[in-house]
Amino acid sequence: MPGANFGTMNVVVCVKQIPDPADPGALDPTTKTLKRDGKLILDESDAYGVEMALQLVDTAGGGEVTLVSMAPNSEVSGLRTALAMGAAKAVLVSDDALKGSDALSTAKVLAAAIKRVEGADLILAATESSDGYTGTVPEQIAEVLGLPSITFAKGISIDGSTVKVDRQTEAGYDEVTAPLPAVVSVTAGVVEPRYPSFKGIMAAKSKPVDEVKIADLGLDASNVGWAGARQEIVEVATAEAREAGEIVEDDGEGYTKIVAFLENLKII
Amino acid sequence: MAVSKIWVFAEATNGKVANITLEMLAKARELAGTVEAVYGGADADAVAAELGAHGATTVHATGDLGGALAGVPVGAAIAAAVDAGNGPDAIFLGTTYDGRDVAGRLSVRLDAPVITNVVDIAERDGSLVGIEPVFGGTQNVITKFTSDKTQIFLIRPKSFAAEEAGGAPAAVAALAVPEVGSTAGATIVNRHVEEKTGPSLDDAAVVVAGGRGMGDAEKYQLVEDLAKLLHAAPGASRAIVDAGWVPYSYQVGQTGKVVKPTVYIAAGISGATQHLVGMKGSKHIIAINKDPEAPIFSVADLGIVGDVHKVMPKLIEALQGR
Ligand SMILES: Cc1cc2nc3c(=O)[nH]c(=O)nc-3n(C[C@H](O)[C@H](O)[C@H](O)COP(=O)(O)OP(=O)(O)OC[C@H]3O[C@@H](n4cnc5c(N)ncnc54)[C@H](O)[C@@H]3O)c2cc1C
Ligand SMILES: Nc1ncnc2c1ncn2[C@@H]1O[C@H](COP(=O)(O)O)[C@@H](O)[C@H]1O
C-alpha cells in the first residue's frame, strides 16, 4: 500500500535529455523532426521535478528518487546531472526503434519503464518539455498507468497517502488533492533546483543506470517510433516575416519617436 | 468537406464562455457542417445561449464533476461517445490547463495521437492539417493524421478571431461519464483567486512588457507606470517571472500568455524565440533595448537602441504632461 509505509517516500521522476537549447535548433531535412544527434543535456524543466522529489523524500525521512528517461543512443549525460543532484538510480530506455516516437508512444514507453520501479508512491514530470512542449505526456502516462493526476503544480506536499498540490489556474491557483500513487506535473518555480556538489558529481558516476530495450518492456516495435506514429509532417514552410521596422539609436530624444508612433495610431 | 462533425471542448468561468472556446467555434464552423460543444460542468444551461450564438447546435454536457479535475471524467465521457459511434470526426481543445488534461486522457483512451501547439487548421487533400510554429515562429510545421481515428487538435489561444454566427441557444444533451476506476480522485478542495485591477493581457489594446533589462524588481515600476498611462496591461518575460519580480500571470510567451494587442511595447526584453511566439502576432511592436543586436528588433516596427532607465522616464514624463 503506497504511503502506508510511514516515513518512506519513493518518487519516480521522468527526465528528458534534450539538445542544448542555447544551440540553434534545426529540423532534419528528411524526417522534418528536431535533430537530436549531438550531446544531450538534462532538460532544465525537469530539474524542478528532481529537486521537488529530493525534498519530498527528505521530508518523509526515507525512500529514494528514481529517474526514468527515454533517449536515443544510450545517452546518459542528462541523467548523470540529475543523479549528481541526489537521485539514487535511473532507468533508461534506449532503442533504435524509438526514433520518431510521438507523445503518445513516448508515454506508453515511459509508463512501461515506470512499472519496473517497485513501490513508486509518486511520479513527477514537468508540465512541458523544452524541445517538444506538447505538454500531454504526463497526463498520458497517468492514463496508461491507470492513475489519477494533477498538472501545473506550483507547490506539492504529502499528507499520509494523499498528495496535496497547489495547481496554477487562469485566475490564481486551486488546492487539489489526490490519493497516492499519482502523477503530478510541475511548473518552473515549484522549488529552486540545487546545483550538484563536487561530491554529488563524483558519486553520480557509480550510481546504477538500468538500460533497457523496448522488448524488455514487453512493447512491440510496431507501436512506437516511426512505425507507431500516426501523424506525419507533410511540409515545413517559412512563415511570413514581419516587415523590417525603423531602428534608431537613442540620442536622448528617442522617446519622442515613441510618442509620435503612438499618436499616429491614435493610442494617445 | 474533410470532416463533417467537429466537437469543441468548451470552458467557462461563472457562466461566461472562455475566449479560446469562441475562437475555436469560429474556426470549426469554417471546416465542418456540424459543430457541437462538449462541456464539463453543472451550468450547461447558462452557457448554451452563448455557445449557440457562436455556432454550436448542441452542447454535450457531463453535468457537475463534483470538484474533480476535468481531464479524467471529460476525457472518458468523450471516449465513450466515440466508442458508441456518436463521436465527432475531429475534436478541438484549447492549450489551457484543462484542455491539455482532457486531450491527454482522451488520446490514450482512443489510442489516437494529438497534434499540439496548433495556431491554424486547414483542409488539404481531403483531410485536416494542423499548423504549428517552430523556431520562434520563423517556420511553420504542417502535420496531418495518418490513421482514421478521431482527430485531436490542441489549439493555442488567440489563433482565430471569435465571431458570432447568430444561432439559437445550443440544445443541452447529457453526456454520460463512465466509471473511471483507479484514475479518479484528483479533487479541487479550495480555490484561490488573485485580485487584479486594470485591463487584462487578453483584452488590452496596449501591452507594456518588461524583461531582465529592467534591472531589478523595483525598476519594473517603470513598466507599471507606463502601462497605467496608456491604459495598458503590464506583461513580462519569463526571466523576471522566474526571478520572482512579478507573478506568473504576467508572463507572455510559449509557456505564458499569447497576446495580440494593437501595440506591444517590449522594454529590456531580448526576444528569445519562446517570448516571440507569444507576442509576434501583435499589430505593432515597439522595442527598447540597449543591444542593437537583440533579436527583439527583428520583429519591431519601431526600435529604440537605448537604456530603458533613460528612455522610459522621459516617455512617462512626456505622457504625463498630456
Ligand atoms: C521551455 C521554455 C519555455 C519558455 N517560455 C518562455 C515564455 O513563455 N516567455 C518568455 O518570455 N520566455 C520563455 N522562456 C525563456 C526564454 O528562453 C528567455 O530566457 C527569456 O525570454 C529571457 O527573458 P529576458 O528577455 O527578460 O532576459 P534576457 O534574455 O536576459 O534579456 C535581457 C535584455 O535586456 C537588455 N538590457 C539589459 N539592460 C538594459 C537596459 N538598461 N536598457 C535596455 N535594455 C537592457 C539586454 O540587452 C537583453 O537583450 C522559455 C524557455 C524555455 C526553455
Ligand atoms: N523522452 C522522455 N524521457 C523522459 N521524460 C519525458 C520524455 N518526454 C517527455 N517526458 C516528460 O514529460 C514532460 C512533458 O513533455 P512534453 O509532453 O513532451 O511537453 C517532460 O517535461 C518530461 O518530464
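Look up: the structure comes first, before these words.
The following refers to the structure shown. Since we're looking at a predicted model, the values are computed, not measured.

Conventions adopted
- Residues numbered from 1 in each chain as written.
- Chains lettered and ligands numbered in written order.
- Predicted model: local features only at pLDDT ≥ 70, side-chain atom pairs only at ≥ 80, totals over all residues.
- Heavy atoms only, no water.
- Near = heavy atom within 4 Å.
- Polar contact = N/O pair within 3.5 Å; in protein donor to acceptor, adjacent residues only side chain to side chain.
- Areas by Shrake-Rupley, 256 points an atom, 1.4 Å probe, with all protein chains shown as cover.
- Nonpolar A, V, L, I, M, F, W, Y, C, P; charged D, E, K, R; others polar.
- Core = buried A, V, L, I, M, F, W, Y, C linked by side-chain atoms within 4.5 Å.
- Buried < 20%, exposed > 50% of the residue type's maximum accessible area, 1.4 Å probe, protein only.
- Helix = DSSP H or I, 4+ residues; strand = E, 2+ residues; numbered from the N terminus.
- Contact = heavy atoms within 4.5 Å.
- Pairing = 2+ DSSP bridges.
- Axes fitted to C-alpha atoms, helices over the stretch in contact; angles between N-to-C directions.
- Buried area = accessible area lost by both parts, 1.4 Å probe.
- Salt bridge = Lys/Arg side-chain N within 4 Å of Asp/Glu carboxyl O.
- Expected span 1.5 Å × (residues − 1).
- Right-handed = clockwise from strand over helix to strand, strands pointing away.

Among the 26 residues in the neighbourhood of ligand 1, the closest are listed as Arg212, Ser237, Thr255, Ser270 and Gln274 of chain B. Nearby residues place ligand 1 at the junction of chains A and B. Separating an oxygen atom of ligand 1 from a backbone N or O atom of Gly268 of chain B is a distance of 3.2 Å. Asn289 of chain B has a polar side-chain atom sitting 2.8 Å from an oxygen atom of ligand 1. The fraction of the free accessible surface of ligand 1 (980 Å²) that becomes covered by protein chains is 82%. Looking at side-chain class alone, the shell around ligand 1 contains 5 nonpolar, 16 polar and 5 charged residues.

A few words on the nonpolar core. Within the largest apolar cluster, 44 residues are counted, with the highest numbers of intra-cluster contacts made by Val13, Leu67, Leu122, Leu124, Ile156 and Val163 of chain A. In terms of residues, this core owes the most to one element, helix α1 (residues 44-60) of chain A, which gives 8 residues. Residue contacts for Ile156 of chain A: discarding those within four places in its chain leaves Met52, Leu56, Leu124, Val163, Lys164, Val165, Val184 and Val186 of chain A. Formed by 34 residues, the second largest nonpolar core is a distinct cluster that contains Tyr255 of chain A together with Val206, Tyr250 and Val263 of chain B.

The next subject is the sheet that holds strand β10 (residues 139-145) of chain B. Ordered in space as β12(A)-β10(B)-β9(B)-β8(B), the 4 strands form an open sheet in which the pairing is antiparallel. Taken across any chain shown, the strands that pair with only one partner, and hence form the sheet edges, are β12 (231-238) of chain A together with β8 (120-124) of chain B. With direction set aside, neighbouring strand axes in the sheet form an average angle of 30°. Here 5 bridges tie β8 of chain B to strand β9 (residues 127-134) of chain B, and the two strands are oriented antiparallel to one another. If you follow Asp120 of chain B over to β9 of chain B, its bridge partner there is Ile131 of chain B.

What follows covers the interface of chain A and chain B. In this assembly, 71 residues from chain A lie in contact with 82 residues from chain B. Taking both sides of the interface into account, the surface hidden between chain A and chain B amounts to around 7,000 Å²; carbon and sulfur atoms contribute 55%. Taken together, chain A and chain B are joined by 13 salt bridges. At the surface where chain A touches chain B, the tally comes to 43 residue pairs in polar contact (both at pLDDT 80 or more). Taken together, the elements giving at least two residues each to the side of chain A that touches chain B come down to α3 (103-115), α4 (137-145), β7 (149-159), β8 (162-168), β9 (172-179), β12, β13 (246-249) and α7 (254-264) of chain A. Partitioning the side of chain A that touches chain B into residue classes produces 33 nonpolar, 19 polar and 19 charged. With 7 bridges connecting them, β12 of chain A and β10 of chain B associate as antiparallel partners. Across the sheet, the residue bridging to Glu232 of chain A is Lys144 of chain B, located in β10 of chain B.

It is worth spelling out the site of ligand 2 at this point. All names here are of chain A. Around ligand 2 lies a shell of 19 residues, among which Asp46, Met70, Ser129, Thr134 and Gly135 are the nearest. Here an oxygen atom of ligand 2 sits 2.9 Å away from a polar atom, N or O, in the main chain of Gly135. In the complex, 97% of the free accessible area of ligand 2, which totals 480 Å², lies under the protein chains. Elements that contribute at least two residues to the shell around ligand 2 include exactly β4 (65-70), α3, β6 (122-126) and α4. Of all the elements, β4 adds the most residues to the shell around ligand 2, at 3 residues. When grouped by side-chain class, the residues that make up the shell around ligand 2 number 10 nonpolar, 6 polar and 3 charged.

Let's shift gears to α3 of chain A. One turn of an α-helix holds 3.6 residues; hence residues three or four places apart share an orientation. All names here are of chain A. The first and last C-alpha atoms of α3 sit 18 Å apart over 13 residues, in line with the 18 Å expected at 1.5 Å per residue. Taking burial as the measure, the 13 residues of α3 include 11 buried ones, the bulk of the element. By the burial criterion, the buried members of α3 are Ala103, Leu104, Ser105, Thr106, Ala107, Val109, Leu110, Ala111, Ala112, Ala113 and Ile114.

Here we come to the pattern of salt bridges. Within this structure, the stated rule accounts for 25 salt bridges over all chains. The partner of Glu64 of chain A in a salt bridge is Lys89 of chain A, with the nearest N and O atoms 2.7 Å apart. One end of the pair, Glu64 of chain A, is in the loop between α1 and β4; the other, Lys89 of chain A, is in strand β5 (residues 89-93), and 25 residues separate them in sequence. Since its relative accessible area comes to 31%, Glu64 of chain A is described here as partly exposed. Look at Lys89 of chain A and you get partly exposed, because its relative accessible area is 28%. Linked through salt bridges whose partners overlap, the residues forming this network are Glu139 and Glu143 of chain A together with Arg105 and Arg109 of chain B.

The subject of this paragraph is the sheet that holds β5 of chain A. Pairing in this open sheet of 10 strands is mixed, and the strands run β11(A)-β5(A)-β4(A)-β1(A)-β6(A)-β10(A)-β7(A)-β8(A)-β9(A)-β13(B) from one edge to the other. At either margin of the open sheet sits one strand with a lone partner, and together these are β11 (209-212) of chain A together with β13 (187-193) of chain B. Neighbour-to-neighbour, the strand axes of the sheet open up by a mean angle of 30°, direction not taken into account. Here 5 bridges tie β6 of chain A to strand β10 (residues 182-186) of chain A, and the two strands are oriented parallel to one another.

This part covers the pairing of strand β16 (residues 263-267) of chain B. Residues and elements named next belong to chain B. Burial of β16 is extensive: 5 of the 5 residues sit out of reach of the surface. On β16, burial covers both faces: Val263, Ile265 and Ala267 on one face and Tyr264 and Ala266 on the other are all buried. Of the strand pairs in this sheet, strand β14 (residues 206-210) and β16 are connected by 5 bridges, and their pairing is parallel. The residue of β16 that forms the bridge with Val206 is Val263. Relative to strand β17 (residues 284-289), β16 is paired through 5 bridges, and the arrangement is parallel. Its bridge partner lying in β17, Ala266 is registered against Ala287. Regarding topology, helix α7 (residues 273-279) serves as the crossover connection from β16 to the parallel β17, and that connection is right-handed.

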